[in-house]
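Listed here are the chains, written in short residue letters.
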2 protein chains.
Amino acid sequence: MNRVIITIGRQFGSGGHEIGEKLSKVLEIPFYDKELIETAAKESGMHTEVVRNIDETASNSLLYSLSTGAFIMGGRYSPLSDAPINDKLFFAQSDMIRRFATEGSCIIVGRCADYVLRERKDVFHVFIHAPKEDRIKRIMKLHNLSESKAKDRIKSVDKKRAVYYNYYSDHKWGDLQCYDLSINSSYLGVDQTVDVLAAAAKVKMGK
Amino acid sequence: MNRVIITIGRQFGSGGHEIGEKLSKVLEIPFYDKELIETAAKESGMHTEVVRNIDETASNSLLYSLSTGAFIMGGRYSPLSDAPINDKLFFAQSDMIRRFATEGSCIIVGRCADYVLRERKDVFHVFIHAPKEDRIKRIMKLHNLSESKAKDRIKSVDKKRAVYYNYYSDHKWGDLQCYDLSINSSYLGVDQTVDVLAAAAKVKMGK
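So, how was this worked out
- Residues numbered from 1 in each chain as written.
- Chains lettered and ligands numbered in written order.
- Predicted model: local features only at pLDDT ≥ 70, side-chain atom pairs only at ≥ 80, totals over all residues.
- Heavy atoms only, no water.
- Least-squares fit on C-alpha atoms with pLDDT ≥ 70 in both.
- Contact = heavy atoms within 4.5 Å.
- Helix = DSSP H or I, 4+ residues; strand = E, 2+ residues; numbered from the N terminus.
- Buried < 20%, exposed > 50% of the residue type's maximum accessible area, 1.4 Å probe, protein only.
- Buried area = accessible area lost by both parts, 1.4 Å probe.
- Polar contact = N/O pair within 3.5 Å; in protein donor to acceptor, adjacent residues only side chain to side chain.
- Nonpolar A, V, L, I, M, F, W, Y, C, P; charged D, E, K, R; others polar.
- Pairing = 2+ DSSP bridges.
- Phe/Tyr/Trp six-rings, centres within 6.5 Å; stacked < 30°, edge-to-face > 60°.

(A) Focus on the relation of the copies chain A and chain B. For these two chains of identical sequence, chain A goes onto chain B by a turn of 180 degrees and a shift of 0.0 Å along the axis, with RMSD 0.0 Å. Each copy turns onto its partner about a two-fold axis. A symmetric contact is evident, with 100% of the interface residues of chain A recurring at the interface of chain B.

(B) Just unusual backbone geometry, in detail. All names here are of chain B. In this structure, Glu 28 takes a positive phi of about 55 degrees despite not being glycine. Looking at the element boundaries, Glu 28 is found in the loop between helix 1 (16–27) and strand 2 (31–32). Of the residues examined, Glu 28 reaches a relative accessible area of 69% and is grouped as exposed. Non-glycine residue Arg 111 carries a positive phi angle of around 60 degrees. Looking at where Arg 111 falls in the secondary structure, it is placed in the loop between strand 3 (106–109) and helix 6 (113–116).

(C) The arrangement of the interface of chain A and chain B in detail. At the interface, 23 residues of chain A touch 23 residues of chain B. Between chain A and chain B lies a buried interface of about 2100 Å² when both sides are counted; carbon and sulfur atoms form 62% of it. For the chain A face of the interface with chain B, the top three residues by lost area are Leu176(A), Asp180(A) and Tyr187(A), together amounting to 34%. Across the chain A-chain B interface, the total number found is seven residue pairs in polar contact (both at pLDDT 80 or more). Of the residues assigned to the side of chain A that touches chain B, the class counts are 13 nonpolar, seven polar and three charged. Of the strand pairs in this sheet, strand 5 (residues 181–184) of chain A and strand 5 (residues 181–184) of chain B are connected by three bridges, and their pairing is antiparallel. Paired with Ser182(A) across the two strands is Ser182(B), which belongs to strand 5 of chain B.

(D) Fine view of the packing of aromatic side chains. Per the counting criterion, the structure on display carries 18 aromatic pairs over all chains. Between the aromatic rings of Phe90(A) and Phe91(A), the centroid separation amounts to 5.6 Å while the plane-to-plane angle is 70 degrees, which identifies the pairing as edge-to-face. Looking at Phe91(A), the relative accessible area reads 34%, which means it is partly exposed. Plain terms: the ring middles of Phe124(A) and Tyr187(B) are 4.6 Å apart, the flat faces sit at 5 degrees to each other, and that makes the pair stacked.

Structure, rendered in structure tokens:
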């Protein structure tokens, strides 16, 4: 069986995380998201809670740093006091992502994994999106939020994901040319989206 | 069996046309591209050859009109002498697309069909893309062109497609949020891309 590393980028509220988890069960391969952060934290010696506060979707400091122009592209120069932590975390995560990819087939959600693994030929790059109205409904239900709060949350999280991705890569978050398959999860629903992705992955795995 | 109208947008050289044709055979539903133009021409009383010269990918006059700012968004106002022909053709094509969609399941390549049918709930919007290097190779082989000529042709055709689409719709050509499924045809190859699309369409058709 051939190795396939599946990276999943996703709009907030599109069900990308759930789709990734279900896909990992169907394909019987590991799934990485928060664990990746935690493992990366251990590797780099940072306390897990600190890492959680500055992870991909919560990096207000990164957004602030970018808005003030304190960073330069590539994350090499960052005079703000918290910036080196973001960079250190990013590089630790990238090392972990590369290690996971070396170990065997797996699914990695977010964390610029598609960009980190861009040189590998055995990677299947996926992006999950959905119409905004469906994402609002999903977030309202999942997080017990009002429509207005859900809208704000979606706007904020997607903005942070885009900033993070565009900062650490030279690609553009949500540009279809960065992905092998982009799918509207509302079109078929979560379970049948998983089936379509599994079918594509199985072709490559020779299953 | 439920009706599914499949619209296919595609980068030049991505194999989108071939994928559409093969998909129509697998699903046993009609496939429309040039015929659509010809039928629209007959409907609007225009000579087929005239229409061919101003169709989607060859509309230099439209590009020129846009570059001079002679058009306004929506195609309602167009003082250049050839502009009304473009508009007339577009509206005639749109009528045909709507008629085909009413008649039953089918596949329509290009022609802003996704935008024309945006109000329908039974439409599956697909976009086919591929890395530029693969598209260059495909066009070199298909049209017996040098690498340099193939590159120029791709740039020119995709630019015209984008201008045409962006002019006649309020969407952006190649923006993944306009499509239910976008796929890199190089990832699985033409035949297996067809299989993935067929699997997704069959879910909706209840096949």
